[in-house]
Amino acid sequence: MYNFVEHGGKVTENTANEDPILYEQFMARIEAGEKIEADDWMPEEYRQTLIKLISMHGISEIMGALPEKEWTPKAPTLKRKLGIMAKVQDEMGHGQLLLRVAEDLLKPYGKQREDLMHDLLKGDLKFHNVFHMNTKTWADAGVVGWLVDGAAIISQTNMLDASYGPYQRALQRICAEEVFHAQHGEAIIMALAEGTEEQRNMLQEAVNRWWPALLMFFGPGSASTTGSSKQEVTTKYKIRKSSNEELRQAFLDKYLPRVFSLGLTVPDDTLHYNEEEKHWVYQQPDWNEFKQIIGNNGPRSKERLRLREIAYENNRWVRQALAPSPAYS
Ligand SMILES: CC(C)(COP(=O)(O)OP(=O)(O)OC[C@H]1O[C@@H](n2cnc3c(N)ncnc32)[C@H](O)[C@@H]1OP(=O)(O)O)[C@@H](O)C(=O)NCCC(=O)NCCSC(=O)Cc1ccccc1
């Protein structure tokens, strides 16, 4: 069976074995802004890039529910408990929606959604760096809602007009819901920022703890940072519009004024805005540490994967009841 993970990390030369006429027609559709659908002809490179992107996005939504789930029983009030429970539920829903989109793309390889879960548990499918991190205090849960969801909105709205129709349509719904999540995070942050000295300190510590992970959220600036980048490929096929660095700058533009207006700081003495070049100059996060984190050696990687594995095992009976085929056993 074709293993897209083995191939997916290294996107192949698109034109190598493609019919040039089909490829040209396909690119003409992309250029014209048409949407590509699951059953349409598409180059291998396009399919593999989408599988990699959408399966990682879907799995990250599912793994992303875990850091906040830890706070569900410990949320300070009933209102906060209900809010965070609803958010966790939404993130799981996004994950399921996206894995269905990925599943259609996997059909030619005889792979299913289940295989993606197995790839995750084997360590072959990565999940997003932020979800390997600790949520030490309630303020961390607030920062996840406010700034991680804020970052997610920026990276996902960048693909709201993606050339692949099923992903583009799923993103419409996901982005709308993420806005509620960011508002939920903002409400937690406002309460802490206007609270006691202890609460403000807790919030500042959480921002300090999350800062490098938030910078890493958008991925490396270029291949030279980490050794690989698919940005040119996703842009060529009009899956995304802006580069990782442009997205990071948009995040800094939007959120730094908000952070400062709450009297908070970020742990970077070198941070300043270059008026001439119109961009933020900031201290690069440790990209070697990033590689370690996304290689499942982050502070909570192993525990979160184990938690997912236990949930997957415990829910086996549901999969069997819904689809009693050998593939689901
Ligand atoms: C922008 C990027 C993340 C990266 O751009 P690309 O063009 O794909 O990558 P590029 O070639 O530049 O990178 C080189 C290598 O580094 C990898 N890598 C890079 N960055 C990361 C990373 N941050 N974490 C881990 N790995 C990363 C990359 O895979 C590649 O690996 P390779 O060497 O090929 O094996 C893109 O995948 C994207 O837009 N994804 C869709 C949106 C999405 O996934 N959203 C987030 C989750 S949902 C959410 O947050 C909502 C929520 C909130 C709160 C609670 C719960 C839920």
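So, here's what we can say about the structure. (Residues numbered from 1 in each chain as written. Predicted model: local features only at pLDDT ≥ 70, side-chain atom pairs only at ≥ 80, totals over all residues. Heavy atoms only, no water.)

The next thing to look at is the overall build of the protein chain. Helices and strands together make up the secondary structure of the protein chain, namely 14 helices and 2 strands. A burial count over the protein chain gives 50% of its 329 residues as buried. Contacts in the protein chain between residues at least 24 apart in sequence constitute 77% of all its contacts with a sequence separation of at least 6. Here the protein chain displays about 15,700 Å² of accessible surface, and carbon together with sulfur accounts for 54% of that area. Charge centroids of the protein chain, computed over 39 positive and 47 negative side chains, lie 5 Å from each other. (Helix = DSSP H or I, 4+ residues; strand = E, 2+ residues; numbered from the N terminus. Buried < 20%, exposed > 50% of the residue type's maximum accessible area, 1.4 Å probe, protein only. Contact = heavy atoms within 4.5 Å. Areas by Shrake-Rupley, 256 points an atom, 1.4 Å probe, with all protein chains shown as cover. Lys, Arg positive; Asp, Glu negative; His and termini not counted. Charge placed at Lys NZ, Arg CZ, Asp CG, Glu CD.)

Following the criterion strictly, the structure yields 26 salt bridges and no others. Here Glu70 and Arg304 are joined by a salt bridge, their closest N and O atoms 3.1 Å apart. Taken together, the residues span a long stretch of sequence, with Glu70 in the loop between helix 3 (44-69) and helix 4 (78-106) and Arg304 in helix 13 (residues 301-314) at a distance of 234 residues. A salt bridge links Asp124 to Lys122; its shortest N-O distance comes to 3.6 Å. Where salt bridges share partners, they join Glu68, Lys87, Glu91 and Asp149 into one cluster. (Salt bridge = Lys/Arg side-chain N within 4 Å of Asp/Glu carboxyl O.)

The subject of this paragraph is the side chain of Ser301. As for its position among the elements, Ser301 is in helix 13. Exposure remark for Ser301: the relative accessible area of 0% places this residue in the buried category. Among the polar contacts listed, one links the side chain of Ser301 to the backbone nitrogen of Gly298, at a separation of 2.6 Å. (Polar contact = N/O pair within 3.5 Å; in protein donor to acceptor, adjacent residues only side chain to side chain.)

With respect to the helices, strands and loops of the structure, Ala191 is situated in helix 7 (residues 165-193). By relative accessible area, Ala191 is classed as partly exposed at 38%. In sequence terms Ala191 and Gly142 are 49 residues apart; their C-alpha atoms lie 9.9 Å from each other.

Once that is clear, we can look at unusual backbone geometry. Although it is not a glycine, Lys238 adopts a positive phi angle of roughly 55°. Structurally, Lys238 is set in the loop between helix 10 (231-236) and helix 11 (244-261). Residue classification places Lys238 among the partly exposed residues on the basis of a relative accessible area of 36%. The phi dihedral of Lys278 is positive, around 55°, even though this residue is not glycine.

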